[in-house]
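Overview (structure and organization)
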Amino acid sequence: MEVKRLLDDASLYLMNTYKRFPVVFVKGRGMKLWSADGKEYLDFMAGIAVDILGHCHPRHVVAIQKQAQKLVHVSNFYHTEPPIRLAKLLCDYSFADRVFFSNSGAEANEAAIKLARKHSKERFRAEKTSIITAVNSFHGRTLATLTATGQPKLQSGFEPLVPGFSYVPFNDYEALKSAIDEDTCAVMLEPIQGEGGVRMASEDYFRHVRDLCTRLGILLILDEIQTGTGRTGTLFAYEHYGIEPDILTLAKGLGGGIPIGATLVREDVAKAFTPGSHGSTFGGNPLSCAAAFATLETLLEDGIMLSESRRMGDYFMSALVKLQKQFPKVITEVRGKGLLIGMELTRECAMVVQACFERGVLINCTAGNTLRFMPPLIVTEDDIDRLIGVLKEVMERLS
Ligand SMILES: *Cc1c(COP(=O)(O)O)cnc(C)c1O
């Protein structure tokens, strides 16, 4: 059979880097996915917070088709229209003055780290290069971003790591304050730790961190690769906290499924990069930028999708809280913002994910015991009701 042969070849020819479900997806539309053997799935993963418009949104498809017919790649020795339009749109809607485009989250963070160091060396002293991140953070898999990632289990085996990184507990202002010294050039944080288990920090924490960084000439880098582009109900999660970063990184949702990373920066910091400082062959590729532009334009148009996603986030959250009340022995906490929601269990959640998969619903487990929900922003009440029904059935079996 075709599917069996594909799965056999997958185990022969692909590097063994992911624990995958034995399914081959061939088609998607909106919230739904179909496998090669014709089974239908409801998608609350959205490709790990990537497919914010759902699968094959007509405007996304048309933008990609149109651009593919015109021009796909020319290199950064020349200008093309899509990255210019996209950079302007991102700056119009954020704190930023300039944008550097790359192809992934790790690369967006890598650019942020390099820029922070170069800026601080030039502006202050050659030794001002160290970066503080949070325990349980996730910033990517390249060597520098893996070092920034405060999770020893992900770093293990890849030493020596990049020098100049240290870690403090998330949402603990005093710990951060005492970790800072005169060599600190940047503090790098996620507004909500997505991979770390949908861990939140208080508004006060971010305000205090912002004030401290400003006072000491330390850059605040916000990694919004997961929380950005509408995921938490506002275009960027920093808007919830009444602060602005100096550098912000985006990827996941930005391209609506087409790979792209972006590093957004204030003018005085951006100055540290001059021709030759940094680059990427594919970065700012017209095809990916056209896809990202269409994604953002669709998301921002009249603010409807954002306000609807907030309404769905509230609906989802209260449905999960209700579920928690029904199964207090299994569910310990429900937390999140907008459509990034975590539900912590008293046990490992892999079997819940498996049980949902068998019932045609895709969800995710993070930090071992936290179910993570990050559906496309077009999710409806009916979709949420369907998921809750499946979760209820699975929880009943568990308790
Ligand atoms: C996914 C993620 C990254 C890494 O993005 P890649 O595109 O996989 O390199 C970095 N930071 C955060 C917060 C993420 O969620």
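Quick notes on the rules
Residues numbered from 1 in each chain as written. Predicted model: local features only at pLDDT ≥ 70, side-chain atom pairs only at ≥ 80, totals over all residues. Heavy atoms only, no water. Phe/Tyr/Trp six-rings, centres within 6.5 Å; stacked < 30°, edge-to-face > 60°. Helix = DSSP H or I, 4+ residues; strand = E, 2+ residues; numbered from the N terminus. Buried < 20%, exposed > 50% of the residue type's maximum accessible area, 1.4 Å probe, protein only. Lys NZ or Arg CZ within 6 Å of the ring centre and 35° of its normal. Core = buried A, V, L, I, M, F, W, Y, C linked by side-chain atoms within 4.5 Å. Domains from an automatic or database assignment. Contact = heavy atoms within 4.5 Å. Disulfide = S-S within 2.5 Å. Pairing = 2+ DSSP bridges. Axes fitted to C-alpha atoms, helices over the stretch in contact; angles between N-to-C directions. Polar contact = N/O pair within 3.5 Å; in protein donor to acceptor, adjacent residues only side chain to side chain. Near = heavy atom within 4 Å. Nonpolar A, V, L, I, M, F, W, Y, C, P; charged D, E, K, R; others polar. Parallel < 35°, antiparallel > 145°, perpendicular 65-115°, else oblique. Left-handed = near helix turned anticlockwise from the far one by under 90°.

1. Quick look at the packing of aromatic side chains
- Evaluation of the coordinates by the stated rule reveals 11 aromatic pairs.
- Aromatic side chains phenylalanine 25 and tyrosine 41 sit 5.2 Å apart centroid to centroid with 90° between the ring planes, which places their arrangement in the edge-to-face category. With phenylalanine 25 in strand β1 (residues 25-29) and tyrosine 41 in strand β3 (residues 40-43), the pair connects residues that are 16 residues apart, well separated along the chain.
- Exposure remark for phenylalanine 25: the relative accessible area of 33% places this residue in the partly exposed category.
- Connected via pairs of aromatic rings, a cluster forms that spans Phe21, Phe25, Tyr41 and Phe357.
- Taking the ring centre of phenylalanine 293 as reference, the NZ or CZ of arginine 85 above it sits at 4.2 Å.
- Lying across the ring of phenylalanine 124, lysine 128 places its NZ or CZ 4.9 Å from the centre.

2. Remarks on the nonpolar core
- Membership of the largest hydrophobic core comes to 94 residues, with the highest contact counts inside it found for Met343, Ile363, Leu371 and Leu391.
- Mapped onto the domain boundaries, this core takes at least three residues apiece from domain 1 (2-57 + 303-398) and domain 2 (59-302).
- Ignoring any residue separated from it by four or fewer positions in sequence, one finds methionine 343 in contact with Leu320, Leu323, Ile331, Glu333, Val334, Asn369, Thr370, Leu371, Phe373, Leu391 and Met395.
- Ranked by size, the runner-up nonpolar core spans 18 residues in total, among them Phe165, Cys185, Val265 and Ala272.

3. Let's talk about the state of the cysteines
- Counted according to the given criterion, the structure contains one disulfide.
- Cysteine 349 shares a disulfide with cysteine 365; S-S distance 2.2 Å. Between cysteine 349 and cysteine 365 the sulfur-sulfur dihedral comes to about 80°; the bridge is accordingly right-handed. Linking cysteine 349 in the loop between β14 (340-345) and α13 (350-358) with cysteine 365 in strand β16 (residues 364-366), this pair joins segments that are 16 residues apart in sequence.

4. Points about the sheet that holds strand β13 (residues 331-337)
- Within the open sheet, the four strands sit side by side as β13-β14-β17-β16. Their pairing is antiparallel. Every other strand in the sheet has two partners, leaving β13 and β16 as the edge strands with one partner each. Averaged over all pairs of adjacent strands, the angle between strand axes in this sheet comes to 25°, irrespective of strand direction.
- Across four bridges, β14 lies against strand β17 (residues 370-373) in antiparallel orientation. The residue of β17 that forms the bridge with glutamate 344 is threonine 370.
- Each of β13, β14 and β17 touches helix α12 (residues 304-326); the most contacted strand, β13, lies at about 170° to it.
- Strands β13, β14 and β17 of the sheet are contacted by helix α14 (residues 381-398), whose axis makes an angle of about 165° with β17.

5. Points about the side chain of threonine 370
- Position of threonine 370 among the secondary structure elements: in strand β17.
- Since its relative accessible area comes to 1%, threonine 370 is described here as buried.
- A polar atom in the side chain of threonine 370 sits 3.3 Å from the side chain of asparagine 369.
- Discounting residues that sit within four places of it in the chain, threonine 370 has contacts with Gly197, Arg335, Gly342, Met343, Glu344, Cys349, Asn364 and Cys365.

6. Notes on the site of the ligand
- Taken together, the neighbourhood of the ligand is formed by Ser104, Gly105, Ala106, Asn109, Phe138, His139, Gly140, Glu190, Asp223, Ile225, Gln226 and Lys252.
- In this structure, glycine 105 approaches the ligand through a main-chain N or O atom, which is 2.8 Å from an oxygen atom.
- Glutamine 226 places a side-chain nitrogen or oxygen 2.8 Å from an oxygen atom of the ligand.
- Residue contributions to the shell around the ligand peak at three residues, all from helix α5 (residues 105-123).
- Each residue belonging to the shell around the ligand can be placed in one class, and the counts come to three nonpolar, six polar and three charged.

7. Topic: the pairing of β3
- Pairing analysis gives three bridges linking strand β2 (residues 32-35) to β3, with the strands arranged antiparallel. Bridge assignment links tryptophan 34 to a residue of β3, and that residue is glutamate 40.
- Judged from the two bridges that link them, β3 and strand β15 (residues 361-362) form a sheet pairing that is parallel. When the bridges of β15 are listed, aspartate 43 appears paired with leucine 362.

8. A few points about the packing of α12 against α14
- Relative orientation of the contacting elements α12 and α14 amounts to 20°, with a least axis distance of 10 Å. The angle between α12 and α14 places the two elements in the roughly parallel class. Crossing of α12 over α14 shows right-handed handedness. Residue-level inspection shows Arg311, Met312, Tyr315, Phe316, Ala319, Leu320, Leu323 and Gln326 of α12 in contact with α14, the latter providing Glu381, Ile384, Asp385, Leu387, Ile388, Leu391 and Lys392.
- Across the contact of α12 with α14, the residue classes tally to 10 nonpolar, one polar and four charged.

9. A word on the sheet that holds strand β11 (residues 247-250)
- Here we have seven strands laid out as an open sheet, ordered β4-β12-β11-β10-β7-β5-β6, and mixed in their pairing. Two strands close off the open sheet at either side, each with one partner strand: β4 (98-102) and β6 (165-168). Taking each pair of neighbouring strands and ignoring which way they run, the sheet shows an average axis angle of 20°.
- Packing of helix α4 (residues 81-92) onto the sheet brings it into contact with β4, β11 and β12 (261-265), and relative to β4 it is tilted by some 130°.

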